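# Residue-level structural notes
Given next are the chains, with one letter for each unit.
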Amino acid sequence: MSKLDRIDKAKLPKHLAVIMDGNGRWAKKHGLFRTKGHESGTKAVKEIVEGAAELGIPFLTLYAFSTENWNRPKLEVQTLMKLLVSSLKKEVETLQKNNIRLGAIGALNDLPSKARAELNEVIEATKDNERMTLTLALSYGSREEITKTIKEISSKVKNNIISIEEIDEDVINKHLYTLNLPDVDLLIRTSGEQRISNFLLWQIAYAELYFTEVLWPDFRKEHLLEAILNYQNRERRFGKTSEQLN
Ligand code: FPP
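The notes below deal with the structure included here. (Residues numbered from 1 in each chain as written. Predicted model: local features only at pLDDT ≥ 70, side-chain atom pairs only at ≥ 80, totals over all residues. Heavy atoms only, no water.)

Right, let's get into the packing of helix α4 (residues 74–97) against helix α5 (residues 113–125). Interaxial distance between α4 and α5 falls to 9 Å at its minimum, and their mutual angle equals 5°. Comparing the axis directions of α4 and α5 gives the class roughly parallel. Mapping the contact onto sequence places L84, V85, L88, K89, V92, L95 and Q96 in α4 and K114, A115, E118, L119, V122 and A125 in α5. The residue inventory of the contact of α4 with α5, partitioned by class, reads nine nonpolar, one polar and three charged. (Axes fitted to C-alpha atoms, helices over the stretch in contact; angles between N-to-C directions. Helix = DSSP H or I, 4+ residues; strand = E, 2+ residues; numbered from the N terminus. Parallel < 35°, antiparallel > 145°, perpendicular 65-115°, else oblique. Contact = heavy atoms within 4.5 Å. Nonpolar A, V, L, I, M, F, W, Y, C, P; charged D, E, K, R; others polar.)

Written out as structure tokens, the structure is:
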């Protein structure tokens, strides 16, 4: 039976998040500049977006640029921003054809105006699409998001808009960048690194974590299927016992 046939369509992760790591090492392995690694990474992005939509995963979130990535060499940051703009221009049709809605999370005001404008254009153009929501985490850091959330809620308390007693998980969820997304079910990180790197810390509270040695530019649909099969073989207990689940 093929991997695809072994996948239980009723047990797909509702929200899949991916830390796309290993572009630089992939480039080095092939004797290329780091920027070529990112360029190849965009091909993997296209493949995984299409693959997730075909499978029927409703929410896919990709860690494309972190708050910490601003500290990379200027040329690399510029290349990543240029790649973002060119990919958005090039792939808007693919998104429309596949009925995919684009969203973005992060400190988006820190993006160069060209990138922000292109992003907003594609978000607007795809806003009625319903098959899958693709969210790009751009200039995203979980600590920045949580800090922003605390500031916003504190200000509402100060201005008597809500009381301290009213603050609960739901209120916090509604102030995060991810307010319109469900909790993450499966988090994939490529390239063999086993850490979270400031990505969706609140939202992955009960996510299954999947680490693979595959470098991001080499990540293909079959690797996605492998990760999902692995996920489907796990028992998600959410703090309960096995017996309670059965
Ligand atoms: C990590 O690899 C990857 C990134 C920092 C950026 C991810 C960007 C892309 C895949 C391309 C652009 C994306 C879109 C959505 C158009 P790394 O550079 O940290 O690799 P290394 O750890 O091997 O050096």
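Tracing the backbone through its elements, the reader meets I153 in helix α6 (residues 142–158). Its relative accessible area of 6% is what places I153 among the buried residues. As a C-alpha pair, I153 and H175 span 22 residues in sequence and 7.6 Å in three-dimensional space. When near neighbours in sequence (up to four residues on either side) are disregarded, I153 contacts I162, I167, V171, I172 and H175. (Buried < 20%, exposed > 50% of the residue type's maximum accessible area, 1.4 Å probe, protein only.)

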